[in-house]
Amino acid sequence: MFEVSPRTIYRDIDAINMAGIPVCSASGVGGGFEIMQNYKLDRKVFSTADLSAILMGLSSLSNMIRGDELVNALAKVKSFIPANRAKDIELKANQIYIDLSPWMGNGNIQPYLEIIKTALQESKLLSFEYADRYGNKTARIAEPYQLVLKNSHWYWQAYCHKRNDFRLFRLSRTSNLQIQEESFTPRDYQKPQLDLTDILETMQTKIKIRIHKSVMDRALDYCAYEHFSPDGDEHYNVSFPFIENDYYYNILFSFGDKCECLEPENIRTEFKRRIAKMAALYV
């Protein structure tokens, strides 16, 4: 189930014991590992770093997903903090702050997260309208299975009754989201493929672009600093990962006149064609 070896499990059991939590083992049918009966968690089990990490994670999550369970969890964790360590733990917990809420944008994101979270907890069907990347909308009914935050965008994995398959829906393309009275029996769940590193590496090619230093911070979102080389005082030449599709062309177009594709020639020619087509709209 967890895709680990028996050796890893034994190592984890040893780690729990070393943390001061007594673990008992029983052999034979029905045997296994369990925490010693009547054992109560000692507040000293959590170190300053442990409590700081837990508080950091819960506080960051509560920025976007609200609920009594998060409030209660935060209160319980804080109750483990001894008075003489409270200031130190608070200082460490605030050293990293993760705010998942957007600066601006779709006002439905926050309430839709709450709707999906409720549907997940109660195994309720969701009805909604979904727009594809061309803006075409279709009415859907789906069984929700997971909320996903990927690259600052929220998605939700669900079994779509229209497609009879699992789909990863982007929350910003979701509208008119409503919980249905009808419940569903969870089926075998297919996790979405979120790590596309290997796939992208086989599809991407390197192109050479020249950018102004004013857009360098944005270009760094897509490639490492090692791919930049200075070109005078104001510009950089960049070896940029690229796939010939609208998504990647639009990334570079978003840099405006602060970016020029230098090579290869076929990509540069395609940029010229797209720019001419865009300019024709304003003739």
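Described in the following lines is the structure provided in the data block. All of these numbers come straight from a predicted model, not from anything done at the bench.

1. A word on the packing of helix H8 (residues 246-253) against helix H9 (residues 265-280)
Part 1 of the reasoning: The interhelical angle for the contact between H8 and H9, taken along N-to-C directions, is 75°, at an axis separation of 12 Å. Of the possible angle classes, the one that applies to H8 and H9 is roughly perpendicular. Listed contacts from H9 to Asp246, Tyr249, Leu252 and Phe253 of H8 are Ile267, Glu270, Phe271, Arg274 and Ile275.
Part 2 of the reasoning: In terms of residue class, the contact of H8 with H9 is built from six nonpolar, no polar and three charged.

2. Here we look at a nonpolar patch on the surface
Part 1 of the reasoning: The grouping of Phe2, Val4 and Ile9 at the surface amounts to a nonpolar patch, some 320 Å² of accessible area in total.
Part 2 of the reasoning: With respect to the helices and strands, the residue valine 4 is situated in the segment before helix H1 (6-18).

3. Details of H9
Part 1 of the reasoning: End to end, H9 covers 23 Å across 16 residues, agreeing with the expected 22 Å (1.5 Å per residue, within 8%).
Part 2 of the reasoning: Where H9 is concerned, the buried positions are Ile267, Glu270 and Phe271. Mapping the buried residues of H9 onto a view down its axis gives an arc of 105°, with all of them on the same face.
Part 3 of the reasoning: Tucked inside the fold, the buried residues of H9 contact strand E8 (205-212), strand E10 (235-242), H8 and strand E11 (259-263).

4. A short note on the environment of aspartate 165
Part 1 of the reasoning: Considering the arrangement of structural elements, one finds aspartate 165 in strand E6 (residues 165-170).
Part 2 of the reasoning: Along the sequence, aspartate 165 and alanine 142 sit 23 residues apart, while their C-alpha atoms lie 9.6 Å from each other.

5. Let's talk about the packing of aromatic side chains
Part 1 of the reasoning: Inspection of the entire model under this criterion finds 18 aromatic pairs.
Part 2 of the reasoning: Taking 5.5 Å as the distance between ring centres and 80° as the angle between the ring planes, the aromatic pair formed by tyrosine 247 and tyrosine 248 counts as edge-to-face.
Part 3 of the reasoning: You can call tyrosine 247 exposed: its relative accessible area is 52%.
Part 4 of the reasoning: Exposure remark for tyrosine 248: the relative accessible area of 10% places this residue in the buried category.
Part 5 of the reasoning: One aromatic cluster is present, built from ring pairs that chain together Phe242, Tyr247, Tyr248, Tyr249, Phe253 and Phe271.
Part 6 of the reasoning: In this structure, arginine 187 packs its charged tip against the face of tyrosine 159, placed 3.6 Å from the ring centre.
Part 7 of the reasoning: Of note, arginine 274 hangs over the ring of tyrosine 249, and the distance from its end group to the ring centre comes to 4.0 Å.

Rules and cut-offs
Residues numbered from 1 in each chain as written. Predicted model: local features only at pLDDT ≥ 70, side-chain atom pairs only at ≥ 80, totals over all residues. Heavy atoms only, no water. Axes fitted to C-alpha atoms, helices over the stretch in contact; angles between N-to-C directions. Helix = DSSP H or I, 4+ residues; strand = E, 2+ residues; numbered from the N terminus. Parallel < 35°, antiparallel > 145°, perpendicular 65-115°, else oblique. Contact = heavy atoms within 4.5 Å. Nonpolar A, V, L, I, M, F, W, Y, C, P; charged D, E, K, R; others polar. Patch = residues over 30% accessible without salt bridge, like charges linked within 9 Å, V, L, I, M, F, W, Y side chains within 5 Å. Areas by Shrake-Rupley, 256 points an atom, 1.4 Å probe, with all protein chains shown as cover. Salt bridge = Lys/Arg side-chain N within 4 Å of Asp/Glu carboxyl O. Expected span 1.5 Å × (residues − 1). Buried < 20%, exposed > 50% of the residue type's maximum accessible area, 1.4 Å probe, protein only. Arc of directions from axis to C-beta. Phe/Tyr/Trp six-rings, centres within 6.5 Å; stacked < 30°, edge-to-face > 60°. Lys NZ or Arg CZ within 6 Å of the ring centre and 35° of its normal.

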